[in-house]
Structures are given as C-alpha cells and as structure tokens.
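Structure at a glance
One letter stands for each residue in the lines below.
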Amino acid sequence: MYSKINKVSLDKFKLIMCISMLISLVLISNTTYAKILDLGPNLRTADPSAHVWKDGKIYLYVSHDLECQQDFHMQDWMVFSSSDLNTWTNHGSVMSLDDLSWADNYAWAPDAIYKNGQYYLVFPAGNGYKDRETPSKSTKWMGLGIGVSKSPTGPFKDAIGKPLWRKPYANDPSIFTDDDGQTYLYFHGKDHDYYVAKMKDDLLSIDGEFIKMDMGGYEPKMEGPWVFKRNDLYYYTMPENNRELAYYTAKSATGPWTYQGVFMEQENNANNHHSIVNFNGQWILFYHRWINAKDSLCGKRQRHSAMENVSFNADGTIQKIQRTD
C-alpha cells in the first residue's frame, strides 16, 4: 500500500514538473519585448537601425536628437548594444559632422553593414537651410556618405571624403546584402523614391545607374525604407506618408513588389523611422515614439527609440502591431 502511494505521488510530481517545464518553454518562446528603450538619462534618440553581428549581440545605430531641438539639426550618430534587449551599453558618439569636410548639418538616420572584414556606416548629412514657412527659399541639400571601422562601435572614418553622389538629394539609407553577396542601397531621394542602387563590392561607390523598382502601381509619399529577407520572401517596409508603417513583398531584392498594407498606424501625426531584425529567433521592430519624458527640459514631445515584437502569418504577411508602454 505504501509503495503504491509513493508511486502515485511520484507520478503526480513528474506530471507537475513536465507541465511546469512546458509552461516555461512557452513563456520563453513568447517573450514579449515592448517598451521605450532605456538607453540612458537625458538622451533623445531616433531612427534606430538594428543589426545582430557575429558576437550575437544586437547593435542599434541611431540619430541623436539635441535636447528640445527646434528642427532636425542633429550633429552626430550614436551606437548602443545589448545581449538581452533589456540592458543597453552606450558606446557614445561614433561619428560626427566634425569628421566630415563636405557637410555641416543634418546628421540623420544611419544604417550599417558588415562586409569585407569591416563595418560600414551609411549616413546622410548635408548643409544649407530649410525654410519651412517659405520652402522656395530653402537651400538645404543632403547626400549619403560611407564610414568604415574595424569595430561595430567605431569610431567610423569617412571613407571617401565626399557623398556617394550629389544628385539626387538623398537621405534615409537602408543597405542590404543578398544571399549571392550583392549589396543594394535603398534610400529616400528627391524624385527618386522607390529607386535602388547596386553597390560595388568595396561599398565605396555605386555600380551603374539607379534602378527604378516596379511597385505594382502604388507609390505613396514615403521616407526611411527598410529592407529585409525572411525565408524566401523580401520585405520593403517604409513610413507611408511619413507616418504609418507599411510594406511590400517580393521574390527578389529589386522587385517587382506587391503592396501588403499598413502594419503599424501613425501616432500623434508624427514621423516614424524603423528597422526589423531577427534576434534569438524573435523578430523585433525598432522604431521611435514622440513622448514627453519626465526629464525633458522643455515639456514637449521628443523622439525616443522603442521596440515591439513582430509576428507573421503563415503566408508571410506581417500581423498588425500595436504600440505598448
């Protein structure tokens, strides 16, 4: 009788342990990362470009907003890294306008890539003045530069001492290397949205003419494209109308593309800029939100980097993403 009771108790214990392990596995596999990133006090960051490098850490290359800035006159680019998406290391300013001879303003949204045994920072910068009240008086110009470093945290050195091209006006780069080793540069450009440039293997110049992509007949106003591949499907994502995040899919890196709709709605009628990356098996959206932080010196909404989980349907389409606090 005693042995039977022991056996029943042991069986129950084993069952409870199995259930506990299964619950733990489910919780781990469905870990939700959703919050304003804690990158440090008195920091305003935006346009986060996320990459997972060979050390397994995730790196964020961001714009660094000036406190209470009146316009987007950023002066440098910063990098942060994390092993768990909760604790972030601030690697400081990795490149600034002071490092450039051809631009003195507008250190805007960067991107990065690893190739040829080194890290490349693709960045927009420019000069001139933007007159928001009378645009015809504006003299603002922007172009794309290339920084290089042996370290993912820089410092980055201006590799060519000039922009990749002078015309068209361009910013918001997204650089992507396909499975065959060919690297493509997507961007937001004057009269050149939905164009892409092939990069030469050294990534210091473009290879040939700009390629106009087939977007299936739908080409809304946009900024900040981000391109990635999941399974056999390519995704061209961007802030449609510079606000809500939308996307296209294709079977190649240059299209033809099929519009799939909006996956994140706009907030406060403010701009957005994002990246999407797979970290430890979970796809993550990094983007920025305009919030009035407690440590703000001016009591107004400013930009702060944030993240949300990304989920896909069986056909590869992106499920709608809600902002969470």
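Higher on the page you've got the structure.
Notes on the structure in this doc start here. Everything numeric in this text was worked out from a predicted model, so none of it was measured. (Residues numbered from 1 in each chain as written. Predicted model: local features only at pLDDT ≥ 70, side-chain atom pairs only at ≥ 80, totals over all residues. Heavy atoms only, no water.)

Describing the overall build of the protein
- Within the protein one finds one helix and 20 strands.
- Counting the 325 residues in the protein, one finds 53% classified as buried.
- For the protein, the accessible area works out to roughly 15700 Å², and carbon and sulfur atoms hold 51% of it. (Helix = DSSP H or I, 4+ residues; strand = E, 2+ residues; numbered from the N terminus. Buried < 20%, exposed > 50% of the residue type's maximum accessible area, 1.4 Å probe, protein only. Areas by Shrake-Rupley, 256 points an atom, 1.4 Å probe, with all protein chains shown as cover.)

Some thoughts on unusual backbone geometry
- Looking along the chain, the bond that leaves Gly 154 and enters Pro 155 is cis, with omega of 5°.
- Within the secondary structure, Pro 155 sits in the loop between strand E8 (141–149) and strand E9 (157–158).
- Residue Pro 256 follows Gly 255 across a cis peptide bond; omega there is 5°.
- Counting through the fold element by element, Pro 256 comes out in the loop between strand E16 (244–250) and strand E17 (258–264).
- If you check the backbone angles, Asn 116 has positive phi at about 60° while not being a glycine.
- Considering the arrangement of structural elements, one finds Asn 116 in the loop between strand E6 (111–115) and strand E7 (118–127).
- Its relative accessible area of 43% is what places Asn 116 among the partly exposed residues.

Here's the deal with the pattern of salt bridges
- Following the criterion strictly, the structure yields eleven salt bridges and no others.
- For Glu 267, the salt bridge goes to Arg 289, with nearest N and O atoms at 2.6 Å. Of this pair, Glu 267 sits in the loop between E17 and strand E18 (275–279) while Arg 289 sits in strand E19 (residues 282–291), and the two are 22 residues apart along the sequence.
- Each of the salt bridges in this network shares a partner with another, and the network as a whole consists of Arg 44, Glu 67 and Asp 295. (Salt bridge = Lys/Arg side-chain N within 4 Å of Asp/Glu carboxyl O.)

Remarks on the pairing of strand E12 (residues 195–198)
- Direction of pairing for strand E11 (residues 183–189) relative to E12: antiparallel, over a ladder of three bridges. Bridge pairing in E12 places Leu 185 opposite Ala 197.
- Connecting the antiparallel pair E11 and E12 is a turn made up of five residues, with Asp 191 showing a positive phi of about 60°.
- Here E12 runs beside strand E13 (residues 211–212); their pairing, made up of two bridges, is antiparallel. Residue pairing in the sheet places Tyr 195 in a bridge with Lys 212 of E13. (Pairing = 2+ DSSP bridges.)

Re the nonpolar core
- By size, the foremost hydrophobic cluster in this structure holds 24 residues, and its most contacted members are Tyr 61, Trp 77, Leu 100, Phe 123 and Ala 125.
- Mapped onto this core, the elements with two or more residues apiece are strand E3 (58–65), strand E4 (76–82), strand E5 (89–96), E7 and E8.
- Ranked by residue count, the leading element in this core is E7, at four residues.
- Setting aside anything within four residues of it in sequence, one finds Tyr 61 in contact with Asp 47, Pro 48, Ser 49, His 51, Trp 53, Met 78, Val 79, Pro 110, Ala 112, Leu 121, Pro 152 and Phe 156.
- Listed in part, the 18 residues of the second largest apolar core include Leu 164, Trp 165, Ala 170 and Ala 197. (Core = buried A, V, L, I, M, F, W, Y, C linked by side-chain atoms within 4.5 Å. Contact = heavy atoms within 4.5 Å.)

Some details on the state of the cysteines
- By the definition in use, this model includes one disulfide.
- Covalent S-S linkage joins Cys 68 and Cys 298, the inter-sulfur distance amounting to 2.3 Å. Taking the sign of the torsion about the S-S bond as the criterion, the disulfide between Cys 68 and Cys 298, at about -100°, is left-handed. Highlighted residues: Cys 68 in the loop between E3 and E4 and Cys 298 in the loop between E19 and strand E20 (302–310), separated in sequence by 230 residues.
- Classification of Cys 68 as buried rests on a relative accessible area of 15%. (Disulfide = S-S within 2.5 Å.)

Observations regarding the sheet that holds E20
- Reading across from one edge, E1-E20-E19-E18 is the order of the four strands in this open sheet, with antiparallel pairing throughout. Since the sheet does not close on itself, it has two edges, and those belong to strand E1 (35–36) and E18, each with one partner.
- Strand direction decides the pairing type here: E19 and E20, joined by nine bridges, are antiparallel. Each bridged residue has a counterpart across the sheet, and for Ile 291 the counterpart in E20 is Gln 302.

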